[in-house]
Amino acid sequence: MPLRLSYGEASAAGPRPENQDALRVVTPAPALATGKGYLFALADGVSQCADGGLAARATLQALAFDYYATPETWAVAQSLDRVLVAHNRWLQANGGNQPLLTTLTALVLRGRRFTLAHVGDCRAYRWNGTELERLSEDHVWEQPDMQHVLKRALGLDQHLVVDYRDGDLAAGDCFVLLSDGVWASLAETDIAHLLRDQPDLSRAAAALVNLAHSQGSQDNASALLVRIE
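Residues numbered from 1 in each chain as written. Predicted model: local features only at pLDDT ≥ 70, side-chain atom pairs only at ≥ 80, totals over all residues. Heavy atoms only, no water.

## Some remarks on the sheet that holds strand β9 (residues 174-178)
Here is the rule: By definition, two strands form a pair when at least two bridges between them are found by DSSP. Numbering of helices and strands runs from the N terminus, with a helix taken as a DSSP run of H or I at least four residues long and a strand as a DSSP run of E at least two residues long. To get an axis, fit a line to the C-alpha atoms, keeping to the stretch in contact for a helix; angles then go from 0 to 180 degrees between the N-to-C directions. Contact criterion: two residues are considered in contact whenever any of their non-hydrogen atoms come within 4.5 Å of each other.
The five strands lie next to each other as β1-β10-β9-β6-β7, forming an open sheet whose pairing is antiparallel. Each having just a single partner strand, β1 (5-12) and β7 (132-134) make up the two edges of the open sheet. When the angles between neighbouring strand axes are averaged without regard to direction, this sheet yields 20 degrees. Pairing geometry for β9 and strand β10 (residues 221-228), over five bridges, is antiparallel. Directly across from Val-176, in β10, lies its bridge partner Leu-225. Seen against the sheet, helix α6 (residues 201-214) touches β1, β9 and β10 and runs at an angle of roughly 25 degrees to β1.

## Details of helix α2 (residues 52-67)
The condition that has to hold: By this rule, a helix spans an expected 1.5 Å times one less than how many residues it contains. Three labels apply to residues, based on accessible area from a 1.4 Å probe with only protein chains included: buried if under 20% of the type maximum, exposed if over 50%, partly exposed otherwise in between. Each polar contact in these results corresponds to two N or O atoms within 3.5 Å; when the atoms are within protein, one needs to be able to donate a hydrogen and the other to accept it, and residues that are neighboring in sequence are counted only if both atoms are side-chain atoms.
Here α2 is 16 residues long and its end C-alpha atoms lie 22 Å apart, about the 22 Å a rise of 1.5 Å per residue gives. Residues Gly-52, Gly-53, Ala-55, Ala-56, Ala-58, Thr-59, Leu-60, Ala-62, Leu-63, Ala-64 and Tyr-67 constitute the buried set of α2. Elements that come into contact with the buried residues of α2 comprise β2 (21-26), α1 (30-36), β3 (38-45), α3 (76-93) and β4 (102-110). The opening residue of α2 is Asp-51, an N-cap whose side-chain oxygen sits 3.3 Å from the backbone nitrogen of Gly-53.

## What about the pattern of salt bridges?
Here is the rule: A side-chain nitrogen of Lys or Arg and a carboxyl oxygen of Asp or Glu constitute a salt bridge if their distance falls within 4 Å.
On inspection of all chains with the given rule, the structure shows 10 salt bridges. Here Arg-165 and Glu-133 are joined by a salt bridge, their closest N and O atoms 3.1 Å apart. Here Arg-165, found in strand β8 (residues 163-168), pairs with Glu-133, found in strand β7; they are 32 residues apart in sequence, far enough to count as distant. On the accessibility criterion, Arg-165 (34% relative accessible area) is partly exposed. The exposure class assigned to Glu-133 is partly exposed, which follows from its relative accessible area of 30%. A single salt-bridge network, built from bridges that share partners, covers Arg-123, Arg-134, Asp-138 and Glu-188.

## Side note on α3
Rule in force here: The reported arc concerns the directions from the helix axis to the C-beta atoms and nothing else.
Taking 1.5 Å as the rise per residue, α3 with 18 residues should run 26 Å; its terminal C-alpha atoms sit 26 Å apart, in good agreement. All of the buried residues in α3 are Val-76, Ser-79, Leu-80, Val-83, Leu-84, His-87, Asn-88 and Leu-91. The buried residues of α3 occupy an angular sector of 165 degrees when projected down its axis, which confines them to one face. Every exposed residue of α3 that faces more than 90 degrees away from the buried side is listed here: Arg-89 and Ala-93. In the core, the buried residues of α3 are packed alongside α1, α2, β4, β5 (113-119) and β8.

## Quick look at the packing of α2 against α3
Applied cut-off: Throughout, the term roughly parallel applies to angles under 35 degrees, roughly antiparallel to angles over 145, roughly perpendicular to angles from 65 to 115, and oblique to all others. Crossing handedness follows the turn of the near helix against the far one: under a right angle anticlockwise gives a left-handed crossing, and clockwise gives a right-handed one. The classification used treats Ala, Val, Leu, Ile, Met, Phe, Trp, Tyr, Cys and Pro as nonpolar, Asp, Glu, Lys and Arg as charged, and all other residues, Gly among them, as polar.
The geometry of α2 relative to α3 is characterised by a closest axis approach of 10 Å and an angle of 140 degrees between their N-to-C directions. It follows from the interaxial angle that α2 and α3 lie oblique. Here α2 and α3 pass one another in a crossing that is right-handed. Counted together, Ala-55, Ala-58, Thr-59, Ala-62, Leu-63, Asp-66 and Tyr-67 of α2 and Val-76, Ser-79, Leu-80, Val-83, Leu-84, His-87, Trp-90 and Leu-91 of α3 form the full contact between these two elements. Each residue belonging to the contact of α2 with α3 can be placed in one class, and the counts come to 11 nonpolar, three polar and one charged.

## Observations concerning the sheet that holds β5
Taken together, the five strands give an open sheet; going across it, the order is β2-β3-β4-β5-β8, and neighbouring strands pair in antiparallel fashion. The sheet is open, and its two edges are formed by β2 and β8, each paired on a single side. Strand after strand, the sheet turns through a mean of 10 degrees between neighbouring axes, direction not considered. Both β2 and β3 contribute to a ladder of six bridges, which runs antiparallel. The residue of β3 that forms the bridge with Asp-21 is Asp-44.

## Thoughts on the pairing of β4
Buried residues dominate β4, accounting for eight of its nine residues. As judged from the eight bridges shared by β3 and β4, these two strands associate in the antiparallel manner. Following the sheet pairing, Phe-40 is matched in β4 by Leu-107. Bridge count for β4 against β5 is seven bridges, and the pairing is antiparallel. Opposite Val-108, over in β5, you have Thr-115 as the bridge partner.

The quantities given are spatial measurements derived from coordinates; they are silent on function.
Written as structure tokens, this is what we have:
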């Protein structure tokens, strides 16, 4: 039986003059979806670099096009890694005196499995209607005065290291991708309560973004939610 999905997304600049977050959803034709899956991705451009918004948008554009051009014989993680390593070189070469830097959290749903690719400080969660499970690790320095300083990002180092995670899908699973402009201002209990109270994913994504800004987030805020129906 083919996957049946629903999704919702929202993004807002908040008090900042520009939104340097980027979202991408690719739901290909059935034949391609069977071989390569569905792609959901969130990137948060680093504002201190040459152009964080460009880094985020270009990364999702490259991922959306180049992932689907990889051989179907490759595993999902292998395909993602080849694409991201090549794009990491592009980011380093095209920022002038400064590299182009962005975080990335990308989810591929294929068959009865998910594959998560993650670098940076966006977050991925899985919500099963009862529990909110965090799937990603924040790649930031742990010292109290450096908790928001990235130690891993696309474009940051010549040797890119991406975290990969995979697992089985179950009907009703909801994957939640959040930029730090959302999760840093909300407790995980707040996220879980909102997901429980709002089954419509577009409204839930918008509510997460609005709640983060109402709770004092000074950053761009983005949410991308996808549910296995």
